[in-house]
Amino acid sequence: MARRLVLTELATAIHTYIEALKSIMSFLRSYVAPFFIVLIFAIAMLAVSARIFLPNDLAAPAPIETPSAPTDAAAIMVPASEFSITVSMMS
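These numbers were taken from a predicted model, which means no experiment stands behind them.

Draft legend 1. A look at the overall build of the protein. Helix and strand counts for the protein come out as two helices and zero strands. Counting the 91 residues in the protein, one finds 0% classified as buried. Accessible surface for the protein amounts to roughly 9,200 Å². Of this, 71% is attributable to carbon and sulfur atoms.

Set out below in structure tokens:
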């Protein structure tokens, strides 16, 4: 009988704990998560809108340059030490 009473009290305590967790999760889902979503959106919008207040040369997009091919042979030469080959003769 005492064992059954302990199990009943344990089940009731677990049920109460689960209901409390559900209540907390409901609060987090209803209030905290939307607040963080709106906060992140506001920070992103502030960061994007800050470009209006930058000086003109910084507010412009970065220039795109096409890479040019090297014209002289010295620009593409690799030092010989990187490609040293050792030849050994077998006796």
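Draft legend 2. Local environment of the pattern of salt bridges. Per the stated rule, a full pass over the model turns up one salt bridge. Across the salt bridge formed by Lys22 and Glu19, the nearest N and O atoms sit 3.8 Å from each other. With a gap of three residues between them, Lys22 and Glu19 both fall in helix H1 (residues 2-49), about one helical turn apart.

Draft legend 3. Main features of the packing of aromatic side chains. Overall, the coordinates contain two aromatic pairs when judged by the stated rule. Relative to Tyr31, the ring of Phe27 has its centre 5.3 Å away and its plane inclined at 40 degrees; by these criteria the two rings are tilted. With Phe27 and Tyr31 both in helix H1 and four residues apart, the pair spans about one turn of that helix. Assessed through its relative accessible area of 46%, Phe27 is described here as partly exposed.

The rules behind the values
Residues numbered from 1 in each chain as written. Predicted model: local features only at pLDDT ≥ 70, side-chain atom pairs only at ≥ 80, totals over all residues. Heavy atoms only, no water. Helix = DSSP H or I, 4+ residues; strand = E, 2+ residues; numbered from the N terminus. Buried < 20%, exposed > 50% of the residue type's maximum accessible area, 1.4 Å probe, protein only. Areas by Shrake-Rupley, 256 points an atom, 1.4 Å probe, with all protein chains shown as cover. Salt bridge = Lys/Arg side-chain N within 4 Å of Asp/Glu carboxyl O. Phe/Tyr/Trp six-rings, centres within 6.5 Å; stacked < 30°, edge-to-face > 60°.

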